[in-house]
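Listed here are the chains, written in short residue letters.
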Amino acid sequence: MPRPVLVQKFGGTSLGTPAGITRVGRRIAASQRAGYDVVVVVSAMGDSTDRLLTLASRVAKEPAARELDLLLSTGEGVSAPLVSMALHELGVPAVSLLGFQAGIQTDRRHAKARIVGLTPARIERELAAGRVVVVAGFQGIGDEMEVTTLGRGGSDTTAVAIAAALKARACEIFTDVRGIYTADPRFVPSARLLRRIAYPEMLELASAGARVMHPRAVEIAEAFSMELHVRSSFHAGPGTIICSEEAIMEDRNRVRGVAHEEHVARLSVVGVPDRPGIAAAIFAPLAEADIAADVIVQTASHEGVTDMSFTVSSADGPQAERILQGVARDIGARTVLSQNGLAKVSVVGSGIRGQPGVAATMFRALSERRINIEMISTSEVRITCIIDADRVKDAVAALHEAFKL
Ligand code: ADP
Ligand code: ASP
Ligand code: MG
């Protein structure tokens, strides 16, 4: 009888120190003793990815994307062998693998690569030989053997992709909080731990900035019906199960959580001649540069001209502005404006569907705290407001209270 496969992912905070790595090793050893074939996916130690980014910015104003990927991939290249060594020390046979050795193939979009294939033959061989396999998360290999990374927080996606490919019995995401809360527990001390959350709601929370799960990881989990267990690597006890909507009985028709994202920039193309094809002319070059435009607002046309505003992450701001300046010249727009220092707050829940009262409650809660709403966007299960970044903490607290979360 083959043993069931268990995938366990450990985030950077769980691996911040040598003692932390040994502690993680003991946890993995216990899972192996319990009868599982264990695949471990690790992030870089502590804040080492941030430190590598800072290092790059000291050397170059805009480091080349492929060099940056090669640099950032070294963070996980350090933690994976260390976890493997810690297991050896505990008498557990283990082997560490970089992304390419684990068979993780991606496209070549540096810094936001997507996994396009996974050949788990090597992982399977190692498991069959009785070893724990420790995989460096967040990285893969594109064509011509180019090292790629999956975007910040991407180790979650590595873990879920491997769990799906190996048809794992379970996939556990160990992090520094007990699970998924109704809001970032670091922001809202009264946030409540959710026992279960459905894939679509988790995806919206993650896309709206709740960094506890990488959005792509949630998409893959849903596509393969892989339940995820998000739990604390510091405390025992169950965390949150991310599962299908059908599997959730309680709390169906309501707002489930509040998410926020700082570091948002707004770009406006002002005085755009109002004719068909203008939106495409503005957004196609951004898409080509892989810049996601988020909340989009077009003002009502006045004397044949209109303004088009949208948000991007602050990191994409300078490049987006450069692209738009070219576009503005081509289409005869008056000017391009950019504003930094904004933030996004969102309420998420399947209960938003068909309930206009939710938007009204959200806007009232913000206005009562005199928080100005700069832009608004909605989806079936999410309402997002763009506000001043200085007010984001107040806003999240106000919304958490207003929806009695
Ligand atoms: P890891 O290193 O384990 O991947 P991350 O920092 O990526 O950890 O994600 C965990 C963090 O996500 C938590 O420390 C918490 O501050 C933040 N977070 C944001 N929103 C939520 C939420 N709704 N529930 C839980 N954590 C959240
Ligand atoms: N180390 C990477 C990051 O900091 C990937 C991850 O932690 O999941 O974004
Ligand atoms: Mg993370």
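Up top you'll find the structure we're talking about.
Residues numbered from 1 in each chain as written. Chains lettered and ligands numbered in written order. Predicted model: local features only at pLDDT ≥ 70, side-chain atom pairs only at ≥ 80, totals over all residues. Heavy atoms only, no water.

J.: Honestly, the site of ligand 1 in this entry has me stumped. Any pointers?
T.: Surrounding ligand 1, one finds 18 residues, the nearest of these being Thr175, Asp176, Tyr181, Asp184 and Arg186. Here a nitrogen atom of ligand 1 sits 3.0 Å away from a polar atom, N or O, in the main chain of Tyr181. Expressed as a share of its isolated accessible area of 570 Å², the protein-covered part of ligand 1 is 92%. In terms of residue class, the shell around ligand 1 is built from 8 nonpolar, 5 polar and 5 charged. (Near = heavy atom within 4 Å. Polar contact = N/O pair within 3.5 Å; in protein donor to acceptor, adjacent residues only side chain to side chain. Areas by Shrake-Rupley, 256 points an atom, 1.4 Å probe, with all protein chains shown as cover. Nonpolar A, V, L, I, M, F, W, Y, C, P; charged D, E, K, R; others polar.)

J.: Would you take a moment to explain the packing of aromatic side chains for this structure?
T.: Given two aromatic rings, their pairing is described by the distance between the two centres and the angle made by the two planes. Overall, the coordinates contain 2 aromatic pairs when judged by the stated rule. Between Phe10 and Phe174, the aromatic rings sit 4.6 Å apart at their centres with planes inclined by 5°, giving stacked as the arrangement. Here the residue Phe10 occupies a position in strand β1 (residues 5-10), and Phe174 occupies one in strand β9 (residues 170-175), the gap between them amounting to 164 residues. Judged by its relative accessible area of 1%, Phe174 is buried. Ring plane angle 65° and centroid distance 5.0 Å describe the contact between Phe283 and Phe310, whose orientation is recorded as edge-to-face. Pair noted here: Phe283 is in helix α8 (residues 278-288) and Phe310 is in strand β15 (residues 305-313), with a separation of 27 residues, a long-range link. Phe310 shares its class with Phe283; the two are buried. Looking at Lys393, its charged tip hangs above the ring of Phe187, at a distance of 5.4 Å from the centre. (Phe/Tyr/Trp six-rings, centres within 6.5 Å; stacked < 30°, edge-to-face > 60°. Helix = DSSP H or I, 4+ residues; strand = E, 2+ residues; numbered from the N terminus. Buried < 20%, exposed > 50% of the residue type's maximum accessible area, 1.4 Å probe, protein only. Lys NZ or Arg CZ within 6 Å of the ring centre and 35° of its normal.)

J.: Can you help me understand the sheet that holds β15 in this one?
T.: Strand pairing in a sheet takes place through backbone hydrogen bonds and is either antiparallel or parallel in direction. One open sheet accounts for 6 strands, arranged β14-β15-β13-β16-β18-β17; its pairing is antiparallel. This sheet does not close on itself; its edge strands, each paired only once, are β14 (296-298) and β17 (375-379). The average angle at which neighbouring strand axes cross in this sheet is 25°, direction not considered. In this sheet, β15 lies alongside strand β13 (residues 257-273) in antiparallel orientation, the contact comprising 8 bridges. Paired with Pro273 across the strands is Val305, a residue of β15. Across the face of the sheet, helix α10 (residues 356-368) comes into contact with β16 (335-348), β17 and β18 (382-388) while running at roughly 20° to β18. (Pairing = 2+ DSSP bridges. Axes fitted to C-alpha atoms, helices over the stretch in contact; angles between N-to-C directions. Contact = heavy atoms within 4.5 Å.)

J.: What am I meant to see in the site of ligand 2 here?
T.: Taken together, Ser43, Ala44, Thr49, Glu76, Phe138, Arg152, Gly153, Gly154 and Ser155 make up all the residues around ligand 2. Within the contact set of ligand 2, an oxygen atom lies 3.2 Å away from a side-chain nitrogen or oxygen of Ser43. Alone, ligand 2 offers 260 Å² of accessible surface; in the complex the protein occludes 87% of this. In terms of residue class, the shell around ligand 2 is built from 2 nonpolar, 5 polar and 2 charged.

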